[in-house]
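Here is what each chain is made of, one letter per residue.
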Amino acid sequence: MASCTSYTLSGLQAQCKDSIGGVAKIWLSNIGDASVSISENVADVSAASFKVYNLRKGSASMTTNLTVNENAGDYWTTEVSMDFLKMETNKRLEMMAITMGETIAVVKDNNSKYWVVGVNNAAGDLVSLTASAGVGETGAAKSDSNHYNVTLSVDTTELPYEITKAETITAFEGISTL
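Predicted model only: the values in this text are computed from it and were never measured.

(A) Region of the structure containing the sheet that holds strand 5 (residues 60–67). The 4 strands lie next to each other as 5-6-10-9, forming an open sheet whose pairing is antiparallel. Looking at the sheet topology across the chains shown, the edges are occupied by strand 5 and strand 9 (130–137). Neighbour-to-neighbour, the strand axes of this sheet turn through a mean angle of 15 degrees, independent of strand direction. As paired elements, strand 6 (residues 75–85) and strand 10 (residues 147–156) share 10 bridges and run antiparallel to each other.

What follows is the structure, given as C-alpha coordinates:
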(Lines give C-alpha, C1' and ligand atoms only; values in the text may rest on other atoms or scores of the structure.)
Protein backbone atom coordinates (compact mmCIF):
# COMPACT_ATOMS: atom_id res chain seq x y z
CA MET A 1 0.00 0.00 0.00
CA ALA A 2 1.35 3.43 -0.94
CA SER A 3 2.04 5.96 1.81
CA CYS A 4 0.19 9.27 1.65
CA THR A 5 2.63 11.07 3.92
CA SER A 6 6.26 12.10 3.93
CA TYR A 7 6.37 11.92 7.72
CA THR A 8 7.76 8.90 9.57
CA LEU A 9 7.30 7.80 13.16
CA SER A 10 10.39 8.40 15.30
CA GLY A 11 9.12 7.96 18.87
CA LEU A 12 9.65 10.40 21.74
CA GLN A 13 11.63 10.29 24.96
CA ALA A 14 9.86 10.47 28.31
CA GLN A 15 8.03 13.78 28.61
CA CYS A 16 9.01 16.20 31.38
CA LYS A 17 6.46 18.31 33.24
CA ASP A 18 8.31 21.54 32.51
CA SER A 19 5.94 23.39 30.19
CA ILE A 20 3.29 25.98 31.02
CA GLY A 21 0.26 27.17 29.13
CA GLY A 22 -0.56 30.57 27.77
CA VAL A 23 0.66 33.20 25.35
CA ALA A 24 3.13 35.99 26.14
CA LYS A 25 2.93 38.08 22.92
CA ILE A 26 1.35 38.04 19.50
CA TRP A 27 2.55 39.77 16.34
CA LEU A 28 0.23 40.34 13.36
CA SER A 29 0.93 41.37 9.78
CA ASN A 30 -1.23 41.84 6.74
CA ILE A 31 -0.72 38.67 4.71
CA GLY A 32 0.33 40.59 1.59
CA ASP A 33 3.21 42.19 3.49
CA ALA A 34 4.50 38.99 5.14
CA SER A 35 7.41 36.83 4.02
CA VAL A 36 7.86 33.26 5.33
CA SER A 37 10.16 30.43 4.33
CA ILE A 38 10.26 26.86 5.64
CA SER A 39 13.47 24.85 5.90
CA GLU A 40 13.97 21.56 7.73
CA ASN A 41 10.49 21.90 9.31
CA VAL A 42 11.14 25.28 10.96
CA ALA A 43 10.03 28.71 9.82
CA ASP A 44 11.94 31.88 9.10
CA VAL A 45 9.80 34.99 9.04
CA SER A 46 10.67 38.56 8.08
CA ALA A 47 9.60 40.69 11.05
CA ALA A 48 9.52 43.97 9.10
CA SER A 49 5.74 44.22 8.56
CA PHE A 50 4.53 42.88 11.93
CA LYS A 51 2.90 44.81 14.78
CA VAL A 52 3.24 43.59 18.38
CA TYR A 53 0.38 42.96 20.81
CA ASN A 54 1.63 42.86 24.39
CA LEU A 55 -0.97 40.97 26.40
CA ARG A 56 -1.75 40.46 30.06
CA LYS A 57 -1.12 37.05 31.55
CA GLY A 58 -4.01 34.69 30.84
CA SER A 59 -5.56 36.90 28.15
CA ALA A 60 -4.52 35.07 24.96
CA SER A 61 -4.32 31.55 23.59
CA MET A 62 -3.47 29.53 20.52
CA THR A 63 -5.35 26.28 19.89
CA THR A 64 -4.98 23.86 16.98
CA ASN A 65 -7.50 21.08 16.32
CA LEU A 66 -7.48 18.33 13.70
CA THR A 67 -10.54 17.77 11.53
CA VAL A 68 -10.66 14.30 9.98
CA ASN A 69 -12.57 13.94 6.74
CA GLU A 70 -12.30 10.52 5.11
CA ASN A 71 -13.54 11.81 1.75
CA ALA A 72 -11.83 15.17 1.38
CA GLY A 73 -8.68 14.99 3.50
CA ASP A 74 -7.70 16.11 6.95
CA TYR A 75 -6.87 19.68 7.97
CA TRP A 76 -5.87 21.64 11.04
CA THR A 77 -7.82 24.63 12.39
CA THR A 78 -5.73 27.03 14.46
CA GLU A 79 -7.41 29.72 16.54
CA VAL A 80 -5.59 32.67 18.07
CA SER A 81 -7.65 34.46 20.72
CA MET A 82 -6.75 37.81 22.31
CA ASP A 83 -8.35 39.87 25.08
CA PHE A 84 -7.82 43.65 25.19
CA LEU A 85 -8.79 44.96 28.60
CA LYS A 86 -10.80 48.19 28.96
CA MET A 87 -12.96 49.25 26.05
CA GLU A 88 -11.65 52.51 24.58
CA THR A 89 -11.34 54.16 21.17
CA ASN A 90 -7.80 53.08 20.24
CA LYS A 91 -8.65 49.44 21.05
CA ARG A 92 -11.96 49.68 19.16
CA LEU A 93 -10.09 50.90 16.09
CA GLU A 94 -7.53 48.11 16.45
CA MET A 95 -10.34 45.53 16.77
CA MET A 96 -11.86 46.86 13.54
CA ALA A 97 -8.51 46.62 11.73
CA ILE A 98 -7.89 43.08 13.00
CA THR A 99 -11.38 41.79 12.19
CA MET A 100 -11.52 43.34 8.73
CA GLY A 101 -8.02 42.29 7.67
CA GLU A 102 -6.37 39.17 6.32
CA THR A 103 -3.46 38.50 8.61
CA ILE A 104 -0.68 36.10 9.51
CA ALA A 105 0.42 35.71 13.14
CA VAL A 106 3.51 34.93 15.16
CA VAL A 107 2.72 33.69 18.66
CA LYS A 108 5.21 33.57 21.53
CA ASP A 109 4.01 31.03 24.09
CA ASN A 110 4.88 31.07 27.79
CA ASN A 111 7.62 28.50 27.15
CA SER A 112 9.43 31.09 24.97
CA LYS A 113 8.59 29.15 21.80
CA TYR A 114 7.67 31.17 18.69
CA TRP A 115 5.06 29.82 16.26
CA VAL A 116 3.99 31.17 12.88
CA VAL A 117 0.27 30.73 12.19
CA GLY A 118 -1.04 30.90 8.64
CA VAL A 119 1.48 28.74 6.78
CA ASN A 120 -0.34 26.07 4.80
CA ASN A 121 2.52 23.72 3.93
CA ALA A 122 6.27 23.13 3.79
CA ALA A 123 6.45 25.23 0.60
CA GLY A 124 5.64 28.27 2.76
CA ASP A 125 2.29 29.02 1.09
CA LEU A 126 0.42 31.51 3.26
CA VAL A 127 -3.25 31.35 4.24
CA SER A 128 -4.80 34.31 6.03
CA LEU A 129 -6.25 34.22 9.48
CA THR A 130 -9.70 35.76 9.52
CA ALA A 131 -11.93 36.82 12.38
CA SER A 132 -14.17 33.98 13.51
CA ALA A 133 -15.46 35.58 16.73
CA GLY A 134 -15.37 38.90 18.52
CA VAL A 135 -16.98 40.65 21.44
CA GLY A 136 -16.98 44.00 23.16
CA GLU A 137 -18.29 43.67 26.70
CA THR A 138 -18.79 46.11 29.55
CA GLY A 139 -19.71 43.46 32.10
CA ALA A 140 -22.59 43.81 34.56
CA ALA A 141 -20.93 43.80 37.99
CA LYS A 142 -17.90 45.80 39.14
CA SER A 143 -15.85 42.61 39.20
CA ASP A 144 -16.72 41.73 35.57
CA SER A 145 -14.24 42.32 32.80
CA ASN A 146 -14.61 45.36 30.55
CA HIS A 147 -12.86 44.26 27.36
CA TYR A 148 -12.69 43.42 23.70
CA ASN A 149 -11.96 39.87 22.56
CA VAL A 150 -11.15 38.67 19.07
CA THR A 151 -10.56 35.16 17.75
CA LEU A 152 -8.73 34.69 14.46
CA SER A 153 -8.78 31.30 12.76
CA VAL A 154 -7.22 29.54 9.79
CA ASP A 155 -7.44 26.07 8.22
CA THR A 156 -4.13 24.58 7.05
CA THR A 157 -2.71 21.23 6.01
CA GLU A 158 0.08 21.54 8.62
CA LEU A 159 0.38 22.39 12.31
CA PRO A 160 1.94 25.81 13.04
CA TYR A 161 5.67 25.91 12.36
CA GLU A 162 8.16 26.87 15.07
CA ILE A 163 10.58 29.77 14.57
CA THR A 164 14.00 28.92 16.01
CA LYS A 165 16.45 31.22 14.21
CA ALA A 166 17.98 33.56 16.82
CA GLU A 167 18.17 36.54 14.43
CA THR A 168 14.47 36.22 13.62
CA ILE A 169 13.48 36.02 17.29
CA THR A 170 15.65 39.05 18.10
CA ALA A 171 13.98 41.01 15.28
CA PHE A 172 10.51 40.20 16.63
CA GLU A 173 11.46 41.08 20.20
CA GLY A 174 12.79 44.42 18.92
CA ILE A 175 9.37 45.47 17.60
CA SER A 176 7.76 47.97 19.95
CA THR A 177 4.34 49.56 20.16
CA LEU A 178 3.82 53.21 19.31
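Alright, that's what it looks like, and here's the rest.
(B) View of the pairing of strand 10. The buried fraction of strand 10 is high, at 9 of 10 residues. Where strand 9 lies against strand 10, 7 bridges are found, and the strand directions are antiparallel. Bridge pairing links Ala 131 to Leu 152 in strand 10.

(C) Main features of unusual backbone geometry. One non-glycine residue, Asn 41, adopts positive backbone phi at about 65 degrees. Given a relative accessible area of 46%, Asn 41 falls into the partly exposed group. Even without a glycine there, the phi angle at Lys 86 is positive, about 70 degrees. Note on placement: Lys 86 falls in the loop between strand 6 and helix 1 (89–100).

(D) Spatial organisation of the pattern of salt bridges. Taken as a whole, this structure holds 5 salt bridges when the rule is applied. One salt bridge in this structure joins Lys 165 and Asp 44, with 3.3 Å as the shortest N-O distance. Taken as a pair, Lys 165 in the loop between strand 11 (161–163) and helix 2 (166–173) and Asp 44 in strand 3 (residues 42–45) lie far apart in primary sequence, 121 residues in all. The exposure class of Lys 165 is partly exposed, given its relative accessible area of 40%. Note that Glu 88 and Lys 91 form a salt bridge whose closest N and O atoms lie 3.0 Å from each other. Judged by its relative accessible area of 29%, Glu 88 is partly exposed. The class of Lys 91 is partly exposed, set by a relative accessible area of 21%. Three or more residues are tied together by salt bridges with common partners; here these are Lys 25, Lys 108 and Glu 173.

(E) Local environment of the side chain of Glu 158. Inspection of the secondary structure puts Glu 158 in the loop between strand 10 and strand 11. No salt bridge is formed by the buried Glu 158, whose closest oppositely charged neighbour, Lys 113, lies at an N-O distance of 17 Å. Polar contacts involving the side chain of Glu 158 include one to the side chain of Tyr 161, which spans 3.5 Å.

Conventions and cut-offs
Residues numbered from 1 in each chain as written. Predicted model: local features only at pLDDT ≥ 70, side-chain atom pairs only at ≥ 80, totals over all residues. Heavy atoms only, no water. Pairing = 2+ DSSP bridges. Helix = DSSP H or I, 4+ residues; strand = E, 2+ residues; numbered from the N terminus. Axes fitted to C-alpha atoms, helices over the stretch in contact; angles between N-to-C directions. Buried < 20%, exposed > 50% of the residue type's maximum accessible area, 1.4 Å probe, protein only. Salt bridge = Lys/Arg side-chain N within 4 Å of Asp/Glu carboxyl O. Lys, Arg positive; Asp, Glu negative; His and termini not counted. Polar contact = N/O pair within 3.5 Å; in protein donor to acceptor, adjacent residues only side chain to side chain.

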